[in-house]
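Letter by letter, the chains look like this.
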Amino acid sequence: MFSLKNHFLFHTSQNRFRYSLKSIHTTTCYLLLPISVYFFIYLLLEMKLLLRALFLSLSLCLLPFAASEIQLGSKLVVGEENASWVSKNGDFALGFFNVPDLPNRFSVGIRFNSQSIPSDQRRVVWVAGAGVSVSDNASYFELSPDGDLVLFDYSLGVPVWTSKTNRFSVQSVSSALLGDDGNLVLLNGKEEIVWESFDTPADTLLPNQKLKAFEMLRAASESSRSSYYSLHMVGSGRLELRWESNITFWSSSNQEAVKYKNISAVLTPEGALLVSHQDITKPVWSVFGEDHNDKVKFRFLRLDRDGNLRMYSFHESSRSWRTVWQAVENQCRVFATCGSQVCSFNGSGDSQCTCPYNTFASKCVTPYQKLSCKSSFRMVTFENMELYGIYPANDSVVSPISSLRCKKMCLEDDSCTAVTYKNDVEKPQCLIKLTRYVSGYSDPSLSSVSYVKTCLNPVAVDPSKREVVGTVTKKSHSVCLSCLLGVTSTTFVLFLAFQVGVIVYVYKRKKKEAVKRAERVRNPKGVVVFSVDEIKEMTNDFEDNIGPKMFKGVMSENELVLVKEIEGALTEERKFRSSAAKIGTMHHKNLAKLEGYCCERGKRFLVYEYAKNGSLLDHHAKNLTWRRRNDVCLSVAKALFYLHSECREFVSHGSLSLGNILIGEEFEAKLTEYGFGSCAADKDVEDFGKMVLALVTGGYEEEWVYREWIEGRGETVVDRSLESGFDVEELERVLRISFWCVQVDERLRPSMGEVVKVLEGTLCVDPPPPPFGCVKSSPSNSSGSGQSLYESVRE
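Cut-off values and rules
Residues numbered from 1 in each chain as written. Predicted model: local features only at pLDDT ≥ 70, side-chain atom pairs only at ≥ 80, totals over all residues. Heavy atoms only, no water. Helix = DSSP H or I, 4+ residues; strand = E, 2+ residues; numbered from the N terminus. Buried < 20%, exposed > 50% of the residue type's maximum accessible area, 1.4 Å probe, protein only. Contact = heavy atoms within 4.5 Å. Areas by Shrake-Rupley, 256 points an atom, 1.4 Å probe, with all protein chains shown as cover. Phe/Tyr/Trp six-rings, centres within 6.5 Å; stacked < 30°, edge-to-face > 60°. Lys NZ or Arg CZ within 6 Å of the ring centre and 35° of its normal. Expected span 1.5 Å × (residues − 1). Axes fitted to C-alpha atoms, helices over the stretch in contact; angles between N-to-C directions. Parallel < 35°, antiparallel > 145°, perpendicular 65-115°, else oblique. Nonpolar A, V, L, I, M, F, W, Y, C, P; charged D, E, K, R; others polar. Disulfide = S-S within 2.5 Å.

### A closer look at the overall build of the protein chain
Next, step 1: Scanning the protein chain from terminus to terminus reveals 14 helices and 43 strands.
Next, step 2: A burial count over the protein chain gives 46% of its 795 residues as buried.
Next, step 3: In the protein chain, once contacts between residues fewer than 6 apart in sequence are set aside, the share between residues at least 24 apart is 59%.
Next, step 4: Counting only carbon and sulfur atoms, one obtains 54% of the accessible surface of the protein chain, whose full area is about 42,100 Å².

Dropping the structure here:
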């Protein structure tokens, strides 16, 4: 067909063509008609292929991918020279970098790489695993042959982070690319994105990178501890800065956003932070940097370690980064920015942290301690200072009230450590603190007055007024036998002291070497890996047993720890080490901090921060009032909610019981053995319900407890060792939610988030059906049974 077309159009003259066309019109019309149709169809097919190729080429041009793709099996090794994957334009590079505060530890991440940015100004904008690190000996980062990004710690012998993309069998990964916008993407064979770093932000957003609803940024860790600060994109459409996940100290606060869904926050290349909806052109909320719309090539938004959210721009003239916007203008208004110290401003206008009321202690805490205050006490006044408790952050507020009455209330309360009187509000307030861990803000512009309780313990001798007493001795030229004896005994004592000193020196040197050996092997968050011999030395061969398989231990610098032995056969070694590495990235005030672990010779030991009062199993039948038991229930519920919903991936406990809940010095609850189980959330919910019932009743049989309660005799099930009584309303609330948690039909069990709300009293709950031996009903039957869990929400 194509040759015939050429013959008619190109190999005849125009006149001849016209003549031939007229002469054969009647005889060849039936021949030309199908030829014309075929020719038209051919042109359409050719055009379709051309458009398809054009569209593909345009698509590839628009995507900011690197010039050379990263093939499966590509690997970056710690310490190798020029080991990095670079974007096409050279503005970004992915590779290893040293972790601040942790010598010989390395994380892998994406940083600025442009030659216009000085090497010391090339900020890290994304970190694999949001801060996971590895040792410096042969550890590597690899795009594995099965399409998984893997960060492997050679010293531990396990991967400490993966992208988990090898599970996508339908969309198998074929390559990776680092885009010109700083986005690392994994692609399948069709050049479709399977995974991207923009979907897993750490503490930074780059231009056009979205923070979607229910996602968060967490500030970089400091001194091997996870940060307390996080930025949340709330589903109602607000950005919130939080401390400890439950204290919101800044919000974008736009009420109009509540009616929208599919909300996200984005930093624009022009220097604006927007909260917008995908179907609405106008932003729901916006803020602009000082250099908005200026010609700036590099920008980023970061949640800094001090808890403030800032927008940065790189200025070519000064060759440095400049803050062009920050969420909280007054840094001292960032919650607990100074930890347990007080924030103020120095003469140059910079914020500083000081401890005004306890200058001689090793750590800054309020001076008053109920057990150590043997005599009377007084209230020390601090003008222009506002204090608030942080561990826990639960100041009680009394209003209206006078300053004198506020101070007197603290004097009369044995648990009160300090109060703040605020008269710059509509009704004067008294903020009462029941913890020694207090933070605050001091400034001459504040009208608040704080009163800190201080003990008046008697002092035997005032060192500043100590007198020097001398004696007079007569001279004698005769031999002094007593003097000879004195010299001899002194020489002997000095010799003995020298020998003891040598022994102590050798012992300390060996101990120091053992500590150094332990510190050379650390998991990604600085958790020490101990040997069995070091565990024995730490616990003095398991001499001080403080609970079921729990022992008191001493680490370097006389730091007390709690060593807990767990069943080795229940946890495979590789999985145990991997879980310990993951636990190092977790932080919550009701999770016991993991200081280290041991995994050898079939033994498994976990080394936690020391808890003065042992485990809950030792205290649930003594020393715990109703208030403390209720607080324990709420604290454990919050810890489980954090594991289930607020970690970057779901974490189960798997073996919750009274024995793995520690009680600290202030009777605060801390969960242990978390992160080593592998079960569904409803199993943890069931275990929580059983734990609460055992704690409240003292261990009565659960079916009998339910029968007594449902028949109106709930007060009979309370633990008889409670001497100071209990709150009837709280008891009803605790029993109701506990029996919902232990329902045989796991579909009826609440989430831990709902449990927290019920225990806090913000969510009402119906009486549950009999939880024991129930037959599972179909969803249709259960929905019509009238046994719905929730009645209403009280704001």
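### Things to note about unusual backbone geometry
Next, step 1: Cis peptide bonds are those with omega within 30 degrees of zero, and the linkage from Tyr391 to Pro392 qualifies with 0°.
Next, step 2: Structurally, Pro392 can be placed in the loop between β28 (385–389) and β29 (396–398).
Next, step 3: In this structure, Pro400 follows Ser399 across a cis peptide bond, with omega equal to -10°.
Next, step 4: For Pro400, the position within the fold is in the loop between β29 and α4 (403–412).
Next, step 5: The phi torsion at Asn540 lies on the positive side, around 55°, for a residue other than glycine.
Next, step 6: Here Asn540 is to be found in the loop between α6 (532–538) and β35 (545–547).

### Remarks on the packing of aromatic side chains
Next, step 1: Inspection of the entire model under this criterion finds 32 aromatic pairs.
Next, step 2: Aromatic side chains Tyr368 and Phe377 sit 5.6 Å apart centroid to centroid with 70° between the ring planes, which places their arrangement in the edge-to-face category.
Next, step 3: Since its relative accessible area comes to 4%, Tyr368 is described here as buried.
Next, step 4: Grouped by ring-pair contacts, the aromatic residues Phe92, Phe112, Phe298, Phe300, Tyr312, Phe314 and Trp321 constitute a single cluster.
Next, step 5: Here the guanidinium or amino end of Lys453 rests over the ring plane of Tyr368, the centre of that ring lying 4.4 Å away.
Next, step 6: Over the ring of Phe576 we find Arg604, and its NZ or CZ is 5.6 Å from the ring centre.

### Digging into helix α9 (residues 626–646)
Next, step 1: If you check α9, its first and last C-alpha atoms are 29 Å apart, about what 21 residues at 1.5 Å a residue would give, namely 30 Å.
Next, step 2: Of all 21 residues that make up α9, 15 are buried, and the element is covered over most of its length.

### Some remarks on the packing of α9 against helix α10 (residues 681–697)
Next, step 1: Remark: α9 packs on α10, axes separated minimally by 11 Å, with the N-to-C direction vectors making an angle of 175°. Accordingly, the angle class assigned to the pair α9 and α10 is roughly antiparallel. Mapping the contact onto sequence places Trp626, Arg629, Val632, Cys633, Val636, Ala637, Leu640 and His644 in α9 and Ala681, Asp684, Phe688, Met691, Val692, Leu695 and Val696 in α10.
Next, step 2: Its residues placed into classes, the contact of α9 with α10 shows 12 nonpolar, one polar and two charged.

### Thoughts on the state of the cysteines
Next, step 1: Scanning the model with the defined rule gives five disulfides in all.
Next, step 2: A disulfide bridge connects Cys338 with Cys353, and the sulfur atoms are separated by 2.0 Å. For the disulfide bridge between Cys338 and Cys353, the dihedral angle about the S-S bond is near -75°, and by the sign convention the bridge is left-handed. Of the two residues, Cys338 is situated in the loop between β24 (320–326) and β25 (342–345) and Cys353 in strand β26 (residues 351–354); the sequence distance between them amounts to 15 residues.
Next, step 3: Under the relative-accessibility criterion, Cys353 is labelled partly exposed at 39%.
Next, step 4: Here Cys406 pairs with Cys430 through a disulfide, and the sulfurs are 2.1 Å apart. Taking the torsion about the S-S bond as the criterion, the Cys406 to Cys430 disulfide, at about 70°, is right-handed. Residue Cys406 is found in helix α4, and its partner Cys430 is found in strand β31 (residues 429–433); the two are separated by 24 residues along the sequence.
Next, step 5: The exposure class of Cys406 is buried, given its relative accessible area of 0%.
Next, step 6: Owing to a relative accessible area of 0%, Cys430 belongs among the buried residues under this scheme.

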